Each structure stands twice: as structure tokens, then as C-alpha cells.
Amino acid sequence: MWITMFCTKNRHVLISLVQGLSDFTGFPPNFDKFMQQLNFYSKIHLCYLTGGSLMYFVLFAPLHKRNCDELKREKNLTETCSLLLPLNAPFVEYQSFGKFPTLQLLNIIIFLSLMYMYMCAGTIVWLNVELVEHIRIRIRHLKHMILRALKSNDKQFRREKFRKAVRYHEYICSMSRLADEFFGTELFLHVVLTGAILGISAYLIGDGSLETVMIFVGWLNAIIMGSVAGQRLINESLGISDIIYEVDWYNFETALKKDILFFLVYAARNLCLLGLGMW
């Protein structure tokens, strides 16, 4: 829920980020292949989200209702048991909840609401991966532009193209900052609260509950996706300056050497997603 809430609040940042990533300075190499792979993995993630959520409800919703009914009989309670939780509405006679189709409609509303919440959260987690991959392919495009510029023997062409690559690098950095702004609060809460959920789930796994195992695996997968995406962005950005060593930069004119030196200093800062600037 917190993931959806904070990302909805920052939707204007996401719009700016997507608009920026849609503005190409020429298409990156192998862009079509990249999009095919990303679309394929996106479909797999969608199937995982839908199948996992449905499986959870199909397996455990009847169990929750049975436990609720048993508890109601033992404690002589008046609440009506839905598929997932007891229902208690002020100023409404509890018998009316059990009548057809009131309870059935409430079950459908609860099911669709929870499915929507889980699907939104899972989609936003995957959005983190997608945006990082789009930034990474632009970093690879930047490396290609730098290499193409510096391998030219034409001094004027070489310097113009290198300056264009430097501007492209600044554009990539701005996209990374937007991604960090969009995911900042969400990422912080994701790490802190998911850590607590994983700790509690790992402790309860000893009871042999399949429900606890599914919760643990689901949240573990979410934190792994975010961590792997962030590390891939860091690794890709750290390799920007290495491309300079593939050319004979020491033979260039003095003015271009100075440009390269300033670029190396600027490119030494890795791109990353920070949780409220804390890590």
C-alpha cells in the first residue's frame, strides 16, 4: 500500500522521466532486441504477479474463513466472516451481512481490492527494474558515442561528437536523478518495512506454514529485484570512464585532452538510486 501511495504522489516525476527516456539521440545499438527481451520478462513478471496472487487467495481464503467461523462459534461472536476477514459495520444488523447477495458482493469487492493493491505494488517494483534497464542501455549508447567520436581522425569531428556525448551523459544523469526522486521515499520504506516482514516471516517459517513461506518468498523476490536493478545501474555507470582507455587519448590535441579530463572527473560519480539519500 505504501508503495502505491508514494509513487502515486510522485506521478509527475514519473511522467517527466518517461518523457525524457522517450527522447532519443539516435537509437542505442541493439535497441529492438533489448525491447523484445524486456517485454518478454515483463510478461513473465505479470504472470508471476497474477498467478501468485490468485494462488494465495485460492489456497488460503477458505482456510481463513473456516478459522473465522470456528473462532466465532467459540467466542460467541456476531461478526460475519468473509473470505479473508471478519466484517463488522456500525448500525448494520450482522444478520444482513449473511444474506445473499450481500456477503458475496462484499467478498468480490474485498478480493478485487486486494488483487488491485498487490498488482499495483508488484508493477511498481517491476517499474524500478524497467527504468533502470532503460537508463543502462542509454549508458551503453553513450559509450558507443564516445568510442565512435574519439576513434575518428578528424579533429573537428572528434571534438564536436565528444561534446555531444558529454551533453548526452548529462541527460542520462538527469534521468537517473529523476528516477532517484521518484523511488526515493518508496525505496526507503521498501527496504525498512520489507526487512521487518522478512524477519518475522523467517521466524514463523519454523511452524511449517505454507502461507508464511509464500509471503516470505514474495517479499524476498521484491527486495531482490530492487537490489539487483540498483547494482546493475551502479556497475554500468562505473564503466563509463573506462571507455576512454580504449583509445590513444594521449595523442589528442591539448584542448580535447582537457575536455576528456573534466569528463573523467564528472563521470567518476556512479549513478545510483538512494533511499532518501541514506544509501
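Residues numbered from 1 in each chain as written. Predicted model: local features only at pLDDT ≥ 70, side-chain atom pairs only at ≥ 80, totals over all residues. Heavy atoms only, no water.

Draft legend 1. How the structure looks around the overall build of the chain. Helix and strand content of the chain: 8 helices and 2 strands. Reading the chain from its N end, one meets helices and strands in the order α-α-α-β-β-α-α-α-α-α. Of all 279 residues assigned to the chain, the portion counted as buried reaches 38%. Taking contacts inside the chain between residues at least 6 apart in sequence as the whole, the part at least 24 apart equals 76%. (Helix = DSSP H or I, 4+ residues; strand = E, 2+ residues; numbered from the N terminus. Buried < 20%, exposed > 50% of the residue type's maximum accessible area, 1.4 Å probe, protein only. Contact = heavy atoms within 4.5 Å.)

Draft legend 2. Highlighting the side chain of His-134. Along the chain, His-134 turns up in helix H5 (residues 102-150). Since its relative accessible area comes to 16%, His-134 is described here as buried. Sequence-distant contacts of His-134, defined by excluding residues within four places in its chain, comprise Leu-21, Phe-34, Met-35 and Leu-38.

Draft legend 3. Quick peek at the packing of helix H2 (residues 11-21) against H5. Remark: H2 packs on H5, axes separated minimally by 11 Å, with the N-to-C direction vectors making an angle of 35 degrees. You can see that H2 and H5 cross each other, and the crossing is left-handed. Here Leu-14, Leu-17 and Leu-21 of H2 lie close against H5, whose contacting residues are Leu-127, Leu-131, His-134, Ile-135 and Arg-138. Among the residues forming the contact of H2 with H5, the class breakdown is 6 nonpolar, 1 polar and 1 charged. (Axes fitted to C-alpha atoms, helices over the stretch in contact; angles between N-to-C directions. Left-handed = near helix turned anticlockwise from the far one by under 90°. Nonpolar A, V, L, I, M, F, W, Y, C, P; charged D, E, K, R; others polar.)

Draft legend 4. Focus on the pattern of salt bridges. Summed over all chains, the structure comprises 9 salt bridges. Note that Glu-236 is salt-bridged to Lys-143, the shortest N-O span being 3.0 Å. On the criterion of sequence distance, the pair formed by Glu-236 in helix H7 (residues 210-238) and Lys-143 in helix H5 is long-range, its members being 93 residues apart. Comparing Glu-236 with Lys-143 shows no difference in burial state: the two are buried. For the salt bridge of Arg-159 with Asp-259, the shortest nitrogen-to-oxygen distance reads 3.1 Å. Of this pair, Arg-159 sits in helix H6 (residues 155-204) while Asp-259 is found in helix H8 (residues 254-267), placing the two residues 100 residues apart along the sequence. Residue classification places Asp-259 among the partly exposed positions, given a relative accessible area of 22%. Through salt bridges with shared partners, one network takes in Glu-133, Arg-136, Arg-140, Lys-143, Arg-232 and Glu-236. (Salt bridge = Lys/Arg side-chain N within 4 Å of Asp/Glu carboxyl O.)

Draft legend 5. A look at the environment of Ile-260. If you trace the backbone, Ile-260 turns up in helix H8. The exposure class assigned to Ile-260 is buried, which follows from its relative accessible area of 3%. Each C-alpha atom, one on Ile-260 and one on Ile-244, is 8.1 Å from the other, the two residues being 16 residues apart in sequence. For Ile-260, the contacting residues outside a window of four places in its chain are Leu-150, Phe-162, Ile-244, Trp-249 and Phe-252.

Draft legend 6. Molecular detail of the UniProt feature "transmembrane region" (unreviewed entry) in the chain. The UniProt entry lists residues 40-63, 105-127, 187-206 and 213-234 under the feature "transmembrane region" (unreviewed entry), expressed in the numbering used here. In residues 187-206, helix accounts for 90% and strand for 0%; the two terminal C-alpha atoms are 29 Å from one another. For residues 213-234, the end-to-end C-alpha separation is 31 Å, with 100% helix and 0% strand making up the annotated structure. (UniProt positions renumbered as here; feature names shortened; annotations may be inferred.)

Draft legend 7. Geometry of the environment of Leu-198. Summarising the element assignment, Leu-198 is placed in helix H6. Note: C-alpha distance between Leu-198 and Gly-218 (20 residues apart in sequence) is 9.6 Å. Those residues in contact with Leu-198 that sit more than four places away from it in its chain are Phe-216, Trp-219, Leu-220 and Ile-223.

Draft legend 8. Focus on the nonpolar core. Core analysis: the largest hydrophobic core is formed by 49 residues, its most contacted members being Ile-146, Leu-150, Phe-162 and Ile-172. Elements that contribute at least two residues to this core include exactly H2, helix H3 (31-75), H5, H6, H7 and H8. With 16 residues, H5 is the single largest residue contributor to this core. With residues near it in sequence (within four places) discarded, Ile-172 still touches Ile-135, Arg-138, Ile-139, Leu-142 and Leu-271. Formed by 6 residues, the second largest nonpolar core is a distinct cluster that contains Leu-49, Tyr-56, Phe-57 and Phe-60. (Core = buried A, V, L, I, M, F, W, Y, C linked by side-chain atoms within 4.5 Å.)

Draft legend 9. Up close: the packing of H2 against H6. Put simply, H2 and H6 touch, their axes get as near as 9 Å, and they point 155 degrees apart. Overall, the two elements H2 and H6 adopt an arrangement that is roughly antiparallel. Here the hand of the crossing between H2 and H6 comes out left-handed. Along its contact with H2, which presents Val-13, Leu-14, Ser-16, Leu-17, Gly-20 and Leu-21, the element H6 presents Tyr-171, Met-175, Leu-178, Ala-179, Glu-181 and Phe-182. (Parallel < 35°, antiparallel > 145°, perpendicular 65-115°, else oblique.)

Draft legend 10. Examining the layout of surface pockets more closely. By volume, the second largest pocket is sized at about 300 Å³. Considering the residues around the second largest pocket, the lining is formed by 15 residues, among which Tyr-41, Trp-126, Val-129, Glu-133 and Arg-232 are closest to the centre. Contributions of two or more residues to the lining of the second largest pocket are made by H3, H5 and H7. With 6 residues, the top contributor of residues to the lining of the second largest pocket is H7. Classifying every residue of the lining of the second largest pocket by side-chain character gives 9 nonpolar, 2 polar and 4 charged. (1 Å grid on protein atoms, 1.4 Å probe; cavity = no way out; pocket = protein on both sides within 12 Å on 5 of 7 lines; lining within 4 Å. Points joined across faces, edges and corners; volume = space filled by probe spheres on them.)

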